[in-house]
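Observations on chain architecture
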Amino acid sequence: MESLQRIFLSRGGRLALVRNFLVVACAALLTACASMAPGDPLPSWNEGPAKSAILKIVADTTKEGGPGFVPPAERLATFDNDGTLWTEHPIYVEVLYTLERIKVLAPQHPGWKTQQPFAAVIDGDRAAMGKFTEREFFTLLAATRAGFRPEEVSADVAAWLAVAKHPRFGRPFTDLVYQPMLEVLSFFRANGYQTYIVTGGTIDFVRGFAERTYGVPPEQVVGTTFDASYTFDGGVAAVRLEPKPAAINDGPGKAIGMHRHIGRVPIAAFGNSDGDIAMLEMTTNSPESKRYPRLGAFVWHTDAVREYAYDKDTSVGRLDKGLTLAPQLGWLLIDMKRDWKVIFPHELR
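Residues numbered from 1 in each chain as written. Predicted model: local features only at pLDDT ≥ 70, side-chain atom pairs only at ≥ 80, totals over all residues. Heavy atoms only, no water.

**Examining helix 2 (residues 49-62)**
The line we're drawing: Working definition: helices are DSSP H or I runs of at least four residues, strands are E runs of at least two. Numbering for both runs from the N terminus. One fewer than the residue count of a helix, multiplied by 1.5 Å, yields its expected span. Exposure is judged per residue with a 1.4 Å probe applied to protein chains only, and the accessible area is read against the type maximum: over 50% gives exposed, under 20% gives buried, and values in between give partly exposed. Within this analysis, the arc is defined by the directions that extend from the helix axis to the C-beta atoms. In what follows, a contact means two residues having at least one pair of non-hydrogen atoms within 4.5 Å.
Between its first and last C-alpha atoms helix 2 spans 20 Å; for 14 residues at 1.5 Å apiece the expected length is 20 Å, and the two agree. All buried positions along helix 2 are accounted for by Ala50, Lys51, Ile54, Ile57, Val58 and Thr61. Taken end-on, helix 2 shows its buried residues confined to a sector of 135°, consistent with a single buried face. In helix 2, those exposed residues whose orientation departs by more than 90 degrees from the buried face are Pro49 and Lys56. Of the surrounding secondary structure, the elements contacted by the buried residues of helix 2 are helix 8 (179-190), strand 5 (268-271), strand 6 (295-300), strand 7 (332-335) and helix 14 (336-339).

**Description of the pattern of salt bridges**
Rule in force here: Throughout this description, the term salt bridge denotes a Lys or Arg side-chain nitrogen within 4 Å of a carboxyl oxygen of Asp or Glu.
Counted according to the given criterion, the structure contains 15 salt bridges. Measuring nitrogen to oxygen at the nearest pair gives 3.6 Å for the salt bridge that ties Asp175 to Arg171. With a relative accessible area of 22%, Asp175 lands in the partly exposed category. Judged by its relative accessible area of 28%, Arg171 falls in the partly exposed class. The partner of Asp276 in a salt bridge is Lys254, with the nearest N and O atoms 2.5 Å apart. Taken together, the positions of Asp276 in the loop between strand 5 and helix 12 (277-285) and Lys254 in helix 11 (residues 252-261) put the pair 22 residues apart, joining distant regions of the chain. Summarising the burial analysis for this pair, Asp276 and Lys254 share the class buried. If you follow the salt bridges from partner to partner, you end up with Arg149, Glu151, Glu152 and Arg240 in one network.

Laid out in structure tokens, this is it:
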């Protein structure tokens, strides 16, 4: 009996020692994990002022009890699309889609063969197309919308993007989104932000791919819109687009579009051209912007080797006035060549 007691106590002592060791080891492991730096949320960015500014705005606005803390309901960031989230050179993707769509619809409109600007597109007259005015392009754009349901347009855009290829890179346009900006979108969302696309492109075009490509749902896309009409025929409700622009969501129109569709001033706004100036001004220099820390930023196309280099001397994504305003208003210039390790997601494969 006595020997059994000694064995029991001995075993119990050993078990107690093991338990104590495990408790101490687990506590040490938890302490070590807590002190370790979290994974880099922006791995495709080089270290520098641009990356630091993005990390800082999120840290400042999400630190509970901090002076810059922003309640979750007011955390939102806006992003231009063309040239900010995906490549826009040598020509806007929606322009290419519109020109091809005109050719698809041409058999249903025989009068287009002799009517400009349609005839130039049908005949492939590059010289004439290169001289299209904004009014002429909107005539073409409106013709691709008239009578269609918005959902039909978005579905057709998705189908076109599945097969269309970029003329230089030979890849689908949705492969030519910017990996560093995808990381920014994810980083903001992981910290309780809603991410909106505020684009000069048409809302139905961008809704055709934004959720699948960027993780931005249709209700968080703000873009150029067309008038529409409602019908209830044969028990079926439908909204159909009309060939008249309702709102041009570019330049000052972006500030108006944010007011109409979002109703809050963003904490951060990212653009790449002078067409985004009003969006950045509203974000950083409106009366409402003084309540919390804010960030305005331009993606500056400086890499002719990996993508394109352009700013003042281009008709696609021109950044001229914005380069002057950026240092004056404290906006961030994201230098593509300097700040990004990679440009496109396929470079990581």
